[in-house]
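Spelled out, the chains give:
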Amino acid sequence: MSFFPSPLLDAFSALVDRLAALLQPLAADASTALAVVLFTVLVRLAVHPLSRAAVRGQQARVRLAPRIAALQEKHKRRPERLQRAILDLHAQEKVSPFAGILPSLLQVPAFLLLYALFSSGDRMSGHALFAAPLDGRWTGALGDGGPFGPAGLVYLALFAVALAVAAFQYLRTRRETARARAAAPASPADGPAAAVGRILPLLSFGTVVTVAVVPLAVALYLVTSTSWAVVERALLMRKGPQAERGLAG
């Protein structure tokens, strides 16, 4: 049973069908799959301003690292005052500790809506990407031709892209975490953030696992979204404000 009301799923289904109809001359039988990719791009464009804010927030935290280190030295015997001083500094510099997770959080409704649509019985049956049904799963492809069958090859291609993106994210996150630790020693106020920092690099591979268990349409959404995020963040981190203006335009 879906946690979304039927009228909402009907409206979303109509939107996907309309996008697929527009893409039919370009993608033929794969038009619905391409419509899912286009929907993903539209969602990523909608949260792009928050992604820029998240990168600015990270850069600001790196810039503030020497001042935070000074506060750690000043209040090393008073952890509660240190935490308050760091929070005040972040507020003064307009740096939010939650900016980095907002783009992901705001994509959750789109992910759940897509999952509900392609898991709701026969609503989206008959749509496929090559030989793989968009409402099917990897286990179904394994039972219909095996991992190297027509449907299995579609999943192998998705796994390859997801694994490459996850490896890139893992290495990048480890480098960024190492730079952040070098810039400012750990403190009691950083406890939760430090714990998250240790496991964050490994979360990149969660996409690979998720692709194996969700409907193919949702797997397309995840792979497209994570690939977009990698390219977007790389451009923003490399070129700073110039890249922000270019992506915004």
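Residues numbered from 1 in each chain as written. Predicted model: local features only at pLDDT ≥ 70, side-chain atom pairs only at ≥ 80, totals over all residues. Heavy atoms only, no water.

Here's the deal with helix 2 (residues 31-74)
Inference 1: Compared with the 64 Å implied by 1.5 Å per residue over 44 residues, the 61 Å span of helix 2 between its first and last C-alpha is a close match.
Inference 2: Helix geometry: helix 2 is bent most strongly at His 48, by close to 50 degrees, with proline Pro 49 lying one to four residues after it. (Helix = DSSP H or I, 4+ residues; strand = E, 2+ residues; numbered from the N terminus. Expected span 1.5 Å × (residues − 1). Bend = angle between axes of the 7 residues up to and from the residue.)

Concerning the environment of Pro 147
Inference 1: With respect to the helices and strands, the residue Pro 147 is situated in the loop between helix 5 (138-143) and helix 6 (150-183).
Inference 2: A residue is classified by how much of its surface remains accessible, and Pro 147, at 35% relative accessible area, is partly exposed. (Buried < 20%, exposed > 50% of the residue type's maximum accessible area, 1.4 Å probe, protein only.)

Thoughts on the confidence of the model for the protein chain
Inference 1: With 83% of its residues at a pLDDT of at least 70, the protein chain reaches an overall mean of 82.
Inference 2: Put simply, helix 10 (residues 241-248) is where the protein chain has its lowest mean pLDDT, 42, and strand 2 (residues 132-133) is where it has its highest, 95.
Inference 3: Long-range and interchain partners of residues 187-193, a stretch whose pLDDT sits below 50, account for 9 contacts in this model, where long-range means more than four residues apart.
Inference 4: Below a pLDDT of 50 lies the segment residues 241-249, which in the model reaches 11 contacts outside its immediate sequence neighbourhood of four places, other chains included. (pLDDT = per-residue confidence, 0-100. Contact = heavy atoms within 4.5 Å.)

Focus on the packing of helix 2 against helix 3 (residues 79-92)
Inference 1: Relative orientation of the contacting elements helix 2 and helix 3 amounts to 150 degrees, with a least axis distance of 11 Å. Here helix 2 lies roughly antiparallel to helix 3, going by the angle between them. Crossing geometry of helix 2 relative to helix 3 is assigned as right-handed. Between helix 2, through Arg 61, Leu 64, Arg 67, Ile 68, Leu 71 and Gln 72, and helix 3, the contact on the second element is made entirely by Leu 82, Ala 85, Ile 86, Leu 89, His 90 and Gln 92.
Inference 2: Taken together, the residues of the contact of helix 2 with helix 3 break down into 7 nonpolar, 3 polar and 2 charged. (Axes fitted to C-alpha atoms, helices over the stretch in contact; angles between N-to-C directions. Parallel < 35°, antiparallel > 145°, perpendicular 65-115°, else oblique. Left-handed = near helix turned anticlockwise from the far one by under 90°. Nonpolar A, V, L, I, M, F, W, Y, C, P; charged D, E, K, R; others polar.)

Concerning the pattern of salt bridges
Opposite charge on two side chains makes pairing possible when the charged atoms of those side chains draw close.
Inference 1: Inspection of the entire model under this criterion finds 2 salt bridges.
Inference 2: Here Asp 88 and Arg 84 are joined by a salt bridge, their closest N and O atoms 3.8 Å apart. Taken together, the residues Asp 88 and Arg 84, both in helix 3 and 4 residues apart, mark about one turn of the helix. (Salt bridge = Lys/Arg side-chain N within 4 Å of Asp/Glu carboxyl O.)

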